[in-house]
Amino acid sequence: MTFSLKGKTFVIMGIANKRSIGWGIARSLHNAGAQLIFTYNRDRMEKNVRDLAEGLEGETPLVLQCDVSNDESIQSFFHAVKEKVGVIHGIAHCVAFANREDLEGEFVDTSREGFLLAHNVSSYSLTAVAREARPLMTEGGSIITITYLGGERVVRNYNVMGVAKASLEANVKYLANDLGKDGIRVNAISAGPIRTLSAKGIRDFNSVLNEIEERAPLRRSVTAEEVGDTALFLLSDLSRGVTGENIHVDSGFHIIS
Ligand SMILES: CCCCCCc1ccc(Oc2ccc(Oc3cccc(O)n3)cc2)c(O)c1
């Protein structure tokens, strides 16, 4: 068993730019020999994602639109993937969203609409993607998603996204149970704070990053590349006995009260 992914195809959903966690995953998988397919949600992201794809040496990854909050969009995306490559061996789901006003102040003030939006995009989308991808994963495979400590315990300002991540982490376990009989594993990576485009939506993000550097066992923050290497483990046969798991790539911060 190796971490080589030669001859295998993976979908990476949610790359926005070169700082994205999804791009860190793409580089680890590409270096292990995988064939990649990237998705973008909004047209304004298409150019960024296409430019990154074209910068990879060898065959340029497919770049296709997919709005994970829309079932038809997911269905037509996987229909196109079936046409173009037939079989896929895994998915990295790196997609989340919450309204900015729901990422500060008191959680109790979250609107019904904001709560549903955050859960629709950040948690239910994994269920819908797994359902539509299942028929293409005829050789088995592995699905991963990205979560954060704020889904396990209260982190100031994370608010509705923390509740959505708690849902996502339970989602992983129920999907792992359903899909295990098809040889499809489902796991989460709980990433420490990384300065991505999404992180700009979080009030006082910098103070959380500083706290990690001062108090985490490794006394430093983590990088998208480090998350990418754990993703390579979870998406390769090295983790063939692991499913329903949540691996913290956070400099050990989750063990500190
Ligand atoms: C207070 C917690 C500090 C550490 C947060 C680490 C983190 C950083 C980014 C994360 O991903 C998102 C994704 C979308 C998101 O919603 C956004 C992002 C930008 C603008 C906006 O209107 N919503 C918020 C965080 C995430 O789930 C967790």
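Criteria and thresholds
- Residues numbered from 1 in each chain as written.
- Predicted model: local features only at pLDDT ≥ 70, side-chain atom pairs only at ≥ 80, totals over all residues.
- Heavy atoms only, no water.
- pLDDT = per-residue confidence, 0-100.
- UniProt positions renumbered as here; feature names shortened; annotations may be inferred.
- Buried < 20%, exposed > 50% of the residue type's maximum accessible area, 1.4 Å probe, protein only.
- Contact = heavy atoms within 4.5 Å.
- Patch = residues over 30% accessible without salt bridge, like charges linked within 9 Å, V, L, I, M, F, W, Y side chains within 5 Å.
- Areas by Shrake-Rupley, 256 points an atom, 1.4 Å probe, with all protein chains shown as cover.
- Salt bridge = Lys/Arg side-chain N within 4 Å of Asp/Glu carboxyl O.
- Helix = DSSP H or I, 4+ residues; strand = E, 2+ residues; numbered from the N terminus.
- 1 Å grid on protein atoms, 1.4 Å probe; cavity = no way out; pocket = protein on both sides within 12 Å on 5 of 7 lines; lining within 4 Å.
- Points joined across faces, edges and corners; volume = space filled by probe spheres on them.
- Nonpolar A, V, L, I, M, F, W, Y, C, P; charged D, E, K, R; others polar.
- Phe/Tyr/Trp six-rings, centres within 6.5 Å; stacked < 30°, edge-to-face > 60°.
- Polar contact = N/O pair within 3.5 Å; in protein donor to acceptor, adjacent residues only side chain to side chain.
- Near = heavy atom within 4 Å.
- Axes fitted to C-alpha atoms, helices over the stretch in contact; angles between N-to-C directions.
- Parallel < 35°, antiparallel > 145°, perpendicular 65-115°, else oblique.
- Left-handed = near helix turned anticlockwise from the far one by under 90°.

Participant: Got a minute to help me understand the confidence of the model for the protein in this structure?
Facilitator: For any part of a model where pLDDT is low, the fine detail of the predicted coordinates should not be relied upon. When pLDDT is averaged along the protein, the result is 97, and 100% of the positions lie at 70 or above. If you check the scores for this complex, the pTM reads 0.98 and the ipTM reads 0.99.

Participant: In this structure, what is going on with the UniProt feature "binding site: substrate" (unreviewed entry) in the protein? I would like to understand it.
Facilitator: Here the UniProt-annotated "binding site: substrate" (unreviewed entry) positions come out as Ala 98. Residue classification places Ala 98 among the buried residues on the basis of a relative accessible area of 7%. Apart from residues no more than four positions distant in its own chain, Ala 98 is found in contact with Leu 103, Ala 118, Val 160 and Met 161.

Participant: Even after reading the chapter, I still don't get a nonpolar patch on the surface, so can you show me in this structure?
Facilitator: Where nonpolar side chains cluster on the molecular surface, the patch consists of Met 1, Phe 3 and Leu 238 and spans about 340 Å² of accessible area. If you trace the backbone, Met 1 turns up in the segment before β1 (9-13). Exposure remark for Met 1: the relative accessible area of 65% places this residue in the exposed category.

Participant: I'm lost on empty space enclosed by the protein in this one. Help?
Facilitator: Using a probe with the size of a water molecule, rolled over the atoms, empty space left in the structure can be pinpointed. For the structure on display, the rule yields 1 cavity of 30 Å³ or more. Volume-wise, the largest cavity comes out at about 50 Å³. Every residue along the wall of the largest cavity is listed here: Tyr 148, Leu 149, Ser 190, Ala 191, Gly 192, Pro 193, Ile 212, Asp 250 and Phe 253. Residues of the lining of the largest cavity, tallied by class, amount to 6 nonpolar, 2 polar and 1 charged.

Participant: In this structure, what is going on with the packing of aromatic side chains? I would like to understand it.
Facilitator: One pair of aromatic rings is described through two measures. These are the centre distance and the angle between the planes. Using the criterion set out here, one finds 3 aromatic pairs in the structure. Judged by centre distance (4.8 Å) and plane angle (70°), the rings of Phe 77 and Phe 78 are edge-to-face. What makes Phe 77 buried here is its relative accessible area of 2%. A residue is classified by how much of its surface remains accessible, and Phe 78, at 3% relative accessible area, is buried. With centroids separated by 4.9 Å and ring planes inclined at 70°, the aromatic side chains of Tyr 148 and Tyr 158 adopt a geometry described as edge-to-face. Within this pair, whereas Tyr 148 is found in the loop between β5 (141-147) and α5 (159-179), its partner Tyr 158 is found in the loop between β5 and α5, the two being separated by 10 residues in sequence. The same class applies to Tyr 148 and to Tyr 158, which are both buried.

Participant: What is the right way to look at the side chain of Ser 123 in this model?
Facilitator: Within the secondary structure, Ser 123 sits in helix α4 (residues 112-133). What makes Ser 123 buried here is its relative accessible area of 2%. A distance of 3.3 Å separates a polar side-chain atom of Ser 123 from the backbone nitrogen of Leu 168. Ser 123 has contacts with Ala 118, Ala 164, Ser 167, Leu 168 and Asn 171, leaving out every residue within four places of it along the chain.

Participant: Can you walk me through the site of the ligand in this structure?
Facilitator: Inspection of the region around the ligand gives 15 residues, with Phe 97, Ala 98, Arg 156, Tyr 158 and Ser 198 positioned closest. Between the ligand and the protein, one listed contact pairs a nitrogen atom with a backbone N or O atom of Ala 98 at 2.7 Å. Between the ligand and the protein, one listed contact pairs an oxygen atom with a side-chain N or O atom of Tyr 158 at 2.5 Å. Protein burial of the ligand: of its 630 Å² of free accessible surface, 88% is covered by the chains. In terms of residue class, the shell around the ligand is built from 10 nonpolar, 2 polar and 3 charged.

Participant: Just to check I follow, could you spell out the packing of α4 against α5 for this structure?
Facilitator: Angle between the axes and distance between the axes are the two parameters that describe a pair of packed helices. Where α4 meets α5, the closest approach of the two axes is 9 Å, and the angle between their N-to-C directions is 20°. Judged by the inter-axis angle, α4 sits roughly parallel to α5. By crossing handedness, the relation of α4 to α5 is classed as right-handed. Here Gly 114, Phe 115, Ala 118, His 119, Ser 122, Ser 123, Tyr 124, Leu 126, Thr 127 and Ala 130 of α4 lie close against α5, whose contacting residues are Val 160, Met 161, Val 163, Ala 164, Ser 167, Leu 168, Asn 171, Val 172, Leu 175 and Leu 179.

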